Amino acid sequence: MLGSVSSLPQQPQHPPSRGHMVVCGDDTLARRLAVELRYVYGERVTLLLPPGRDTTRPELPLTQRARAVALFGRMSAAMNRNGAGGGSGAGDTNAGVEAVRIMEAHEPSDEVLEEAGVDRAAALALVYDDDELNIRAALTARRLNPRLRLVIRLYNRKLGQHLETLLDQAAAVSMPGIDPAVLDASTTVLSDADTAAPALAATALTGSSKVIQAEGLLLRAVERTPPRPGELADPGLCTLALLSSTSQDPAGTEGSDSSGDEGPQLLPDRETVNAATGRGTVVLEAISQAGPDRGPSRMGGRGAPLGQVFSRRLRWSALGVAAAVVALAVASVITTGDSPLHAAHMTLLDLLAMGDPAVEDADSQSRQIIQLLSGTAGLLLLPLLVAAVLEAFGTLRTASSLRRPPRGLSGHVVLLGLGKIGTRVLVRLRELDIPVVVVEEDPEARGIPLARSLHVPTVVGDVTQEGVLEAAKIRRARALLALTSVDTTNLEAALYARSVKPDLRVALRLYDDEFATAVYRTLRTAHPQALTRSRSVSHLAAPAFAVAMMGRQILGAVPVERKVMLFAALEVAGHPQLEGRTVDQAFRAGAWRVLALDATPPADRVPDLAAVQPYDPLGPSGPGGPDRPAGLVWDLHPGYVLRAEDRVVIAATRRGLAELLRGQHSVARR
């Protein structure tokens, strides 16, 4: 039986036992992370929240504590329903685990962290929205407990790398001789914006393609509609999920964890896939090595400097004058018999009014006509030069200002909001060379300098005001990404955009799950032919933070309707569900599937699996041979037996990955 949620406010007087996990934060991510650790991984959790209401969402009447209790109550009820249904292989992972202990404090000071039991805890997550607050708390926690596993939320990636190195060095000094593998997992710096941005950008780009990229490793999962009668669906490399049985029905289930049997099924077996007629699928279509990281390109393309200084009309005018000069020079060669060089020279002199007039009797009539035409072309050259000078000065004057959307722009993505999430999504879209128009109400927003440096067209204004979306060319856009921090603003923008363009692809960022479900179903019903997606950043990011709390890192998260599938790298040793089994035997439907094998010898492996090069099939021997080549093997034979020294890439559900990690911890304790 699950721990009681109603007694949460009365639990702080009991000191936490050793080995628990502490989560400190001030927004939705902290509450979701506590739910993930408690109800998915079965860990004892202490949740530290600030008193009063959520400062990021003051319009909500409930306090932080009340919202957390309500979230735990909904999760507990859902778990009880699932347990009563007797799902396959889904036992009660929380039996005997006490409920989440909730504490309230304005900030994680030394006294507060000691009261939360950080000196005895196994892991601490610092997920405040303020980077400085997270850094101060991390330094304090490392001093209180050098063995503590730290997971820190930072938006500044460069600062995060330096902080991770500093805290790991502090742990190494405090614990001489520590295992390098343990030290590597001692401090993990993550960004919820970086975790969620690829999924949000992929939704705007294709609507149904999810891309996971981690330092060169590229996984691509694609949604496929049900095949028509007489057609055979391409299974790809493997089937990752079955979509809702009513995904083609606008009034059907919304695909959340509470959808039941009609909801999406993650990692189904072959029999289930063959029997699921009329259901869409998510397949692993392609796996390739991404190119080297490169900065986001400017909107101008290869000819950006010339295109940004001079307008297209001026460039075409200059091209016309040049063509006229060439034509006059050719005519001079034909009519006078002069050499091409001399004819071009005389034409330029006439153009600039520097040559002798052709008034002598010896001058032919054709020469006189060409001279008159050259003089006329020279008259056209003067206003062209003046316009070029004025445009150059105008470009220099407006170089520090935001670009307006050009008149002929079409097929672009309209991005609402340039906060932390919107800025990361903008970078991702520009890396993919997708044209973007940004709408931001605050001219001092975090992402405005980035939009200015990338010369991204930007409309400054309230998206709820009339004419703002029209200025962003919403009628000719391919998609709308509403990523502001206010649910009602995102919804209002989506509804207005759909009234202007009913088939517009829309992705909404919504905080409240129940509200997101209602919006998702209503928009599908009202616009059955248009793609609608609702995304929660905390829902996408919480699994990555939870896995890091367990001492692992995931390669990425793929949203399947309103569920999440995780990709992770695991050592086979210590996992009885994998070790000594064939690839086919290790597969557990609805839990995990082995996708790839790292063929690199254990002594030569790098900690970051994503940096491993592709497998060379022309090597001296295949996987399992004594001199097997290094690399990732994606086309594993189902009969290959997984050995203790192997490292594999798996696709897993949240509960499946939790079971694997719990199994490893129990083996380690024995």
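Rules and cut-offs
Residues numbered from 1 in each chain as written. Predicted model: local features only at pLDDT ≥ 70, side-chain atom pairs only at ≥ 80, totals over all residues. Heavy atoms only, no water. Helix = DSSP H or I, 4+ residues; strand = E, 2+ residues; numbered from the N terminus. Buried < 20%, exposed > 50% of the residue type's maximum accessible area, 1.4 Å probe, protein only. Contact = heavy atoms within 4.5 Å. Phe/Tyr/Trp six-rings, centres within 6.5 Å; stacked < 30°, edge-to-face > 60°. Lys NZ or Arg CZ within 6 Å of the ring centre and 35° of its normal. Pairing = 2+ DSSP bridges. Right-handed = clockwise from strand over helix to strand, strands pointing away. Expected span 1.5 Å × (residues − 1). Salt bridge = Lys/Arg side-chain N within 4 Å of Asp/Glu carboxyl O. Axes fitted to C-alpha atoms, helices over the stretch in contact; angles between N-to-C directions. Parallel < 35°, antiparallel > 145°, perpendicular 65-115°, else oblique. Left-handed = near helix turned anticlockwise from the far one by under 90°. Core = buried A, V, L, I, M, F, W, Y, C linked by side-chain atoms within 4.5 Å. Nonpolar A, V, L, I, M, F, W, Y, C, P; charged D, E, K, R; others polar. Polar contact = N/O pair within 3.5 Å; in protein donor to acceptor, adjacent residues only side chain to side chain. Patch = residues over 30% accessible without salt bridge, like charges linked within 9 Å, V, L, I, M, F, W, Y side chains within 5 Å. Areas by Shrake-Rupley, 256 points an atom, 1.4 Å probe, with all protein chains shown as cover.

This paragraph deals with the overall build of the protein chain. Counting its regular elements, the protein chain contains 20 helices and 22 strands. A buried classification covers 50% of the 670 residues belonging to the protein chain. Of the contacts made within the protein chain by residues no fewer than 6 positions apart, 73% connect residues no fewer than 24 positions apart.

Take the packing of aromatic side chains next. For the structure shown, the criterion picks out zero aromatic pairs. The ring of Tyr-39 carries the charged tip of Arg-38 above its face, separated from the ring centre by 4.7 Å.

Residues of strand 12 (residues 413-416) alternate between two faces, with Val-413 and Leu-415 on one and Val-414 and Leu-416 on the opposite face, all of them buried. Bridge count for strand 12 against strand 15 (residues 479-482) is four bridges, and the pairing is parallel. Within strand 15, the residue paired with Val-414 across the bridge is Leu-480. Summarising the sheet, strand 12 and strand 13 (residues 436-440) pair through four bridges and their orientation is parallel. Among the inter-strand pairings, Leu-416 is bridged to a residue of strand 13, identified as Val-439. Of the crossover connections in this fold, the one passing from strand 12 over helix 13 (residues 420-431) to the parallel strand 13 is right-handed.

With that settled, the discussion passes to helix 18 (residues 537-549). Between its terminal C-alpha atoms helix 18 stretches 18 Å, which fits the 18 Å expected from 13 residues at 1.5 Å a residue. Counting buried residues in helix 18 gives 13 out of 13 residues, a clear majority hidden from the surface. Immediately downstream of helix 18, the backbone of Gly-551 shows phi near 90°, a positive value.

Take the pattern of salt bridges next. Following the criterion strictly, the structure yields 13 salt bridges and no others. The salt bridge involving Asp-129 is made with Lys-420; its shortest N-O contact spans 3.2 Å. In this pair, Asp-129 sits in the loop between strand 4 (123-127) and helix 4 (131-144) while Lys-420 sits in helix 13, placing the two residues 291 residues apart along the sequence. The exposure class of Asp-129 is partly exposed, given its relative accessible area of 30%. We classify Lys-420 as buried; its relative accessible area is 18%. The residue Glu-431 makes a salt bridge to Arg-428 at a minimum N-O spacing of 3.9 Å. You can see Glu-431 and its partner Arg-428 sitting in helix 13, three residues apart, about one turn around the helix.

A separate point is the packing of helix 1 (residues 28-40) against helix 18. Where helix 1 meets helix 18, the closest approach of the two axes is 9 Å, and the angle between their N-to-C directions is 55°. Overall, the two elements helix 1 and helix 18 adopt an arrangement that is oblique. In the crossing of helix 1 with helix 18, the sense of the turn from one axis to the other is right-handed. Across the interface between the two elements, Thr-28, Leu-29, Arg-32, Leu-33, Glu-36 and Leu-37 of helix 1 pack against Ser-538, His-539, Ala-541, Ala-542, Pro-543, Phe-545, Ala-546 and Met-549 of helix 18.

Attention now moves to the nonpolar core. Counting 82 residues, the largest nonpolar core has Val-23, Tyr-41, Val-425 and Leu-657 as the members making the most contacts within it. Tallying contributions element by element places helix 18 first for this core, with ten residues. Other than its neighbours up to four places away in sequence, Tyr-41 contacts Glu-36, Ala-546, Val-547, Met-550, Arg-654, Leu-657, Ala-658, Leu-661 and Arg-662.

Taken together, six strands build an open sheet; the order of strands is 3-2-1-4-5-6 and the sheet is parallel. What marks the edges here is a single partner per strand, and that holds for strand 3 (101-104) and strand 6 (187-190). Direction aside, the axes of adjacent strands within the sheet are offset by 15° on average. Here four bridges tie strand 5 (residues 149-153) to strand 6, and the two strands are oriented parallel to one another. In the sheet register, Leu-150 faces strand 6, and the bridge partner there is Thr-187. Sitting on the sheet, helix 1 touches strand 1 (21-25), strand 2 (45-49), strand 4 and strand 5, and the angle it makes with strand 2 is about 175°.

Across the interface, helix 4 lies against helix 5 (residues 157-174) with an axial gap of 10 Å and an inter-helix angle of 10°. Here helix 5 runs roughly parallel to helix 4, going by the angle between their axes. On the side of helix 4, the interface is formed by Ile-135, Ala-138, Leu-139 and Arg-142, while helix 5 contributes Leu-159, Leu-163, Leu-166, Leu-167, Ala-170 and Ala-171. Looking at side-chain class alone, the contact of helix 4 with helix 5 contains nine nonpolar, no polar and one charged residues.

Tracing the backbone through its elements, the reader meets Ser-186 in the loop between helix 6 (180-184) and strand 6. Here Arg-142 takes part through its side chain, which lies 3.0 Å from a polar atom of the side chain of Ser-186. Look past the residues within four positions of Ser-186 in its chain and what remains in contact with it is Arg-142, Leu-148, Arg-149, Leu-150, Asp-168 and Ala-171.

Looking now at a nonpolar patch on the surface. A contiguous nonpolar patch, built from Val-326, Val-330 and Ile-334 and spanning about 300 Å² of accessible area, is present on the exposed surface. Along the chain, the position of Val-326 falls in helix 10 (residues 312-336).

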